[in-house]
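Structural description and commentary
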Amino acid sequence: MQENKEDWLKMNDFNVDSASDDLHGGHSFGDLTDGEDGGAVACDSSKPQQPHASARAILSFVRRSARLDARLEKAKQRYSGAYLLCIADGDGSLRVKSDLCVDSQWIEANWGNANPLIVEIGSGQGENIVAAAAANPNTNFLALEVYDPGVAHTMLLAGKQDLRNLRIAQVNAPDFLAACKSGVLAEVWTFFPDPWPKMRHHKRRIVQPSLAKSVHNALVAGGVWRIATDIEDYALHVHEVMDSLACFENDGDLRVSLPTEHVGKGNAQDAADLPHADFVESRRFDGRVLTNFERKGLEAGRVIHDFAYVVKK
Ligand SMILES: C[S@@+](CC[C@H](N)C(=O)[O-])C[C@H]1O[C@@H](n2cnc3c(N)ncnc32)[C@H](O)[C@@H]1O
């Protein structure tokens, strides 16, 4: 059954101020308070952002200690001085330091110039951000990643090319965004975020209203939050979080049919039989290279969903 998207939004009472609590099997905007992931957000970024927003927050990752192999350990020793920004609290939580203030002086101090800054949230092995930094030497790039091997691998790739415009920070990304001053970022990228497929884990998905609020504040007017996922249910989740925010414009021109109800790990096979509606998405961002995550998604026959949300201020 094909619904009109506006009808669907109305039917589900889908605005960020009055979302219904029982929407989509337990995942809702109403059950989380501001400062935790998912508070009701009207994108009023004039309100001060809260550093350490993750102190009580639901995290989008599980802290895993992973031993680095000899190659990554060597890369870490060799390149940390050049690439790693030490902005974590130091208590092992990966929160940013409480006094971190990301403004133009901070950028100048860490990159040595005032070029536009693009931040990738969850940069994984670094294939994408390293390729982008190499292709755009007059743009500054910051990779935010929590996983030790990913951080080390990104440094390895960057070091091999002697890139000067890339930095890496091993911190909880929503914390970093919350510490940004208004308009300091040119773009934010979130490609193939962890899917958290179980229904009860959907609230751990990193794209949340609270993050949208921080991203909106951090981006310059006209700046873009680019998102990509190979998980159909995550695509619906992105539309739910983003499409009703008046402070972002969905810049896409593709019409994509998606189920209008969520599925989880146990009932994913039911998705095709659920009611569908058309949504607007973007064509593939040509600054995005094929990473291992995307390749695996394609090999499994999944469709890639690209989004570009432009900031209105
Ligand atoms: C599925 S991987 C995708 C990696 C990369 N974007 C790509 O396309 O290859 C998602 C990554 O996000 C990272 N991540 C999850 N939550 C994060 C957070 N709160 N802050 C920073 N990184 C996070 C994970 O460690 C993981 O490396």
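Keep in mind the model is a prediction, meaning the values are calculated, not measured.

**Focus: the UniProt feature "binding site: S-adenosyl-L-methionine" (unreviewed entry) in the protein**
- Taking the UniProt record as the reference, the feature "binding site: S-adenosyl-L-methionine" (unreviewed entry) is found at Glu-120, Glu-145, Asn-172 and Asp-194. Across 75 residues in sequence, these annotated residues keep their C-alpha atoms within 13.9 Å of one another, forming a single compact spot.
- Inspection of the secondary structure assignment puts Glu-145 in the loop between β3 (140-144) and α5 (148-160).
- Of the residues examined, Glu-145 reaches a relative accessible area of 10% and is grouped as buried.
- Along the chain, Asp-194 turns up in the loop between β5 (185-191) and α7 (209-218).
- Judged by its relative accessible area of 45%, Asp-194 falls in the partly exposed class.
- Among all residues touching Asp-194, those that are not within four sequence positions of it are Ser-60, Arg-205 and Tyr-234.

**What about a positive patch on the surface?**
- Side chains of Lys-198, Arg-200, Lys-203 and Lys-265 sit close together on the surface and give a patch of like positive charge.
- Locating Lys-203 in the fold gives a position in the loop between β5 and α7.
- When its relative accessible area of 35% is taken as the criterion, Lys-203 is described as partly exposed.

**Quick look at the packing of helix α4 (residues 127-135) against α5**
- Interhelical geometry of α4 versus α5 gives an angle of 25 degrees and a closest axis separation of 9 Å. By the angle between their axes, α4 is roughly parallel relative to α5. Remark: the crossing between α4 and α5 carries right-handed chirality. Residues Glu-127, Ile-129 and Val-130 of α4 touch α5, and the partners they reach there are Thr-154, Leu-157 and Ala-158.
- Partitioning the contact of α4 with α5 into residue classes produces 4 nonpolar, 1 polar and 1 charged.

**A short note on the side chain of His-153**
- Examined against the element boundaries, His-153 turns out to sit in helix α5.
- One polar contact links the side chain of His-153 to the main-chain carbonyl oxygen of Gln-125, over a distance of 2.8 Å.

**A word on the environment of Leu-177**
- Residue position: Leu-177 is located in helix α6 (residues 173-178).
- Since its relative accessible area comes to 0%, Leu-177 is described here as buried.
- Separated by 11 residues in sequence, Leu-177 and Val-188 have C-alpha atoms that sit 9.5 Å apart.
- Beyond its immediate sequence surroundings of up to four residues, Leu-177 is in contact with Ile-121, Leu-144, Leu-185, Val-188, Leu-211, Ser-214, Val-215 and Ala-218.

**Some thoughts on the site of the ligand**
- Near the ligand you find 20 residues, and of these Ser-60, Gly-122, Glu-145, Asn-172 and Phe-191 are the closest.
- A distance of 2.7 Å separates a nitrogen atom of the ligand from a polar side-chain atom of Asn-172.
- Its free accessible area being 600 Å², the ligand has 93% of it covered by the protein chains.
- Its residues placed into classes, the shell around the ligand shows 11 nonpolar, 6 polar and 3 charged.

**Here's the deal with the sheet that holds strand β6 (residues 219-229)**
- In spatial order, the strands read β4-β3-β2-β5-β6-β10-β7; together these 7 strands make up an open sheet with mixed pairing. Two strands close off the open sheet at either side, each with one partner strand: β4 (166-169) and β7 (248-250). Across the sheet, the mean angle from the axis of one strand to that of its neighbour is 20 degrees, orientation sign disregarded.
- Here 3 bridges tie β7 to strand β10 (residues 305-311), and the two strands are oriented antiparallel to one another. Looking at β10, one finds that Glu-249 is bridged to Val-310.
- In the packing of α7 onto the sheet, contacts are made with β2 (117-121), β5, β6, β7 and β10, and the angle to β6 comes to roughly 140 degrees.

The rules behind these values
Residues numbered from 1 in each chain as written. Predicted model: local features only at pLDDT ≥ 70, side-chain atom pairs only at ≥ 80, totals over all residues. Heavy atoms only, no water. UniProt positions renumbered as here; feature names shortened; annotations may be inferred. Helix = DSSP H or I, 4+ residues; strand = E, 2+ residues; numbered from the N terminus. Buried < 20%, exposed > 50% of the residue type's maximum accessible area, 1.4 Å probe, protein only. Contact = heavy atoms within 4.5 Å. Patch = residues over 30% accessible without salt bridge, like charges linked within 9 Å, V, L, I, M, F, W, Y side chains within 5 Å. Areas by Shrake-Rupley, 256 points an atom, 1.4 Å probe, with all protein chains shown as cover. Salt bridge = Lys/Arg side-chain N within 4 Å of Asp/Glu carboxyl O. Lys, Arg positive; Asp, Glu negative; His and termini not counted. Charge placed at Lys NZ, Arg CZ, Asp CG, Glu CD. Axes fitted to C-alpha atoms, helices over the stretch in contact; angles between N-to-C directions. Parallel < 35°, antiparallel > 145°, perpendicular 65-115°, else oblique. Left-handed = near helix turned anticlockwise from the far one by under 90°. Nonpolar A, V, L, I, M, F, W, Y, C, P; charged D, E, K, R; others polar. Polar contact = N/O pair within 3.5 Å; in protein donor to acceptor, adjacent residues only side chain to side chain. Near = heavy atom within 4 Å. Pairing = 2+ DSSP bridges.

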